[in-house]
Amino acid sequence: MKRGLIDMLLHLAPRERMLLGLLVIIVLPVGIIFGVLLPLHEARERALSDRIEAFALNLWGQERVTEAEALAAVAPEITVRIDAGPSDIEQDLIDAGLRNAVQELRSDGEGVVDLRFDDVRFVRLAEWLSGLDPAWGYDIASFRFEPTDTSGNVAATLKLEPERE
């Protein structure tokens, strides 16, 4: 193979050999940089950004747990219970300016409410969840937040169950 390559190069004019050398010296490294290294760097940056967002979400969740524990320890037992239904939840969403972001608000016959947001500001949703009255009659059974293409927005799914007594 070396012999064939050497024979091919000897048949080329000096200017052609110089251009071929420049091609190998300049174009090949540039192709490696743009074809391999830059996509790897962009993937690393995305992974770091996703990690930071996950850390912030985890921190927010831990703060809510700590806040709930502190309130449970200090607050007296609430005897008045508000049986909020889907219409009351919808009114809370309207008051918080989140109703237009709701993609699904569904209630089954047993009082379980499913909420889905496809693209909502995380801060507004977190403020709404944090500001809910403890006596509204629902527990958050499950939730899921996923980042969207818009910075600061999330896709969220919440499952609310009637509070157990």
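Residues numbered from 1 in each chain as written. Predicted model: local features only at pLDDT ≥ 70, side-chain atom pairs only at ≥ 80, totals over all residues. Heavy atoms only, no water.

Further remarks concern the confidence of the model for the protein. When pLDDT is averaged along the protein, the result is 83; 90% of the residues meet or exceed 70. Of the regions scoring below 50 in pLDDT, residues 78–82 engages in 11 contacts with residues more than four places distant in sequence or in other chains. (pLDDT = per-residue confidence, 0-100. Contact = heavy atoms within 4.5 Å.)

Take the pairing of strand β4 (residues 153–162) next. Pairing of strand β2 (residues 113–121) with β4 involves 7 bridges; the strand directions are antiparallel. Opposite R121, over in β4, you have N153 as the bridge partner. Bridge analysis of strand β3 (residues 138–147) against β4 gives 9 bridges, and the strand direction is antiparallel. Looking across to β4, one finds that I140 is bridged to L160. From the end of β3 to the start of β4, which pair antiparallel, there are 5 residues, and G152 there has a positive phi angle of about 85 degrees. (Pairing = 2+ DSSP bridges. Helix = DSSP H or I, 4+ residues; strand = E, 2+ residues; numbered from the N terminus.)

Residues F122, L125, A126, W128 and L129 constitute the buried set of helix α4 (residues 122–130). Along the axis of α4, the buried positions cluster into a sector of 160 degrees, meaning they face one direction only. (Buried < 20%, exposed > 50% of the residue type's maximum accessible area, 1.4 Å probe, protein only. Arc of directions from axis to C-beta.)

Okay, helix α2 (residues 14–74) next. Over its 61 residues, α2 runs 88 Å from end to end, which matches the ideal 90 Å to within 8%, given 1.5 Å per residue. The sharpest bend along α2 measures roughly 35 degrees and falls at I33. (Expected span 1.5 Å × (residues − 1). Bend = angle between axes of the 7 residues up to and from the residue.)

What follows deals with the side chain of N153. By the element assignment, N153 lies in strand β4. Judged by its relative accessible area of 10%, N153 is buried. In this view, N153 contacts D119, V120, R121, F122, P147 and T148; residues no more than four positions away in its chain are not counted.

It is worth spelling out the sheet that holds β4 at this point. In any sheet, the strands associate via hydrogen bonds between backbone groups, in a parallel or an antiparallel arrangement. Spatial strand order, β1-β2-β4-β3: 4 strands in an open sheet with antiparallel pairing. Lying at the two open borders of the sheet, with one neighbouring strand each, are β1 (102–107) and β3. Sheet twist, expressed as the mean angle between neighbouring strand axes with direction ignored, is 15 degrees. (Axes fitted to C-alpha atoms, helices over the stretch in contact; angles between N-to-C directions.)

What follows concerns the nonpolar core. Residues I89, L115, F117, L125 and W128 are the most contacted members of the largest nonpolar core, which totals 23 residues. Of all the secondary-structure elements, those providing two or more residues to this core are α3 (86–96), β2, α4, β3 and β4. Counting residues per element, this core draws most heavily on α4, which supplies 5 residues. Apart from residues lying up to four places away in sequence, L125 is in contact with L98, F117, V120, F145 and A156. (Core = buried A, V, L, I, M, F, W, Y, C linked by side-chain atoms within 4.5 Å.)

Bringing the pattern of salt bridges into the picture now. In total, this model carries 7 salt bridges according to the counting rule given. For R99, the salt bridge identified is with E90, shortest N-O distance 2.7 Å. Judged by its relative accessible area of 25%, E90 falls in the partly exposed class. One salt bridge in this structure joins D114 and R106, with 3.1 Å as the shortest N-O distance. In this structure, a network of salt bridges that share partners links the residues E104, R106, D114, R116 and D118. (Salt bridge = Lys/Arg side-chain N within 4 Å of Asp/Glu carboxyl O.)

In this structure, the second largest pocket encloses a volume near 370 Å³. If you go around the second largest pocket, you meet 18 residues; those closest to its centre are E53, P147, G152, N153 and V154. Every element with two or more residues in the lining of the second largest pocket is listed here: α2, α4, β3 and β4. Broken down by element, the residue count for the lining of the second largest pocket peaks at 6 residues, all from α2. Residues that form the lining of the second largest pocket fall into these classes: 8 nonpolar, 6 polar and 4 charged. (1 Å grid on protein atoms, 1.4 Å probe; cavity = no way out; pocket = protein on both sides within 12 Å on 5 of 7 lines; lining within 4 Å. Points joined across faces, edges and corners; volume = space filled by probe spheres on them. Nonpolar A, V, L, I, M, F, W, Y, C, P; charged D, E, K, R; others polar.)

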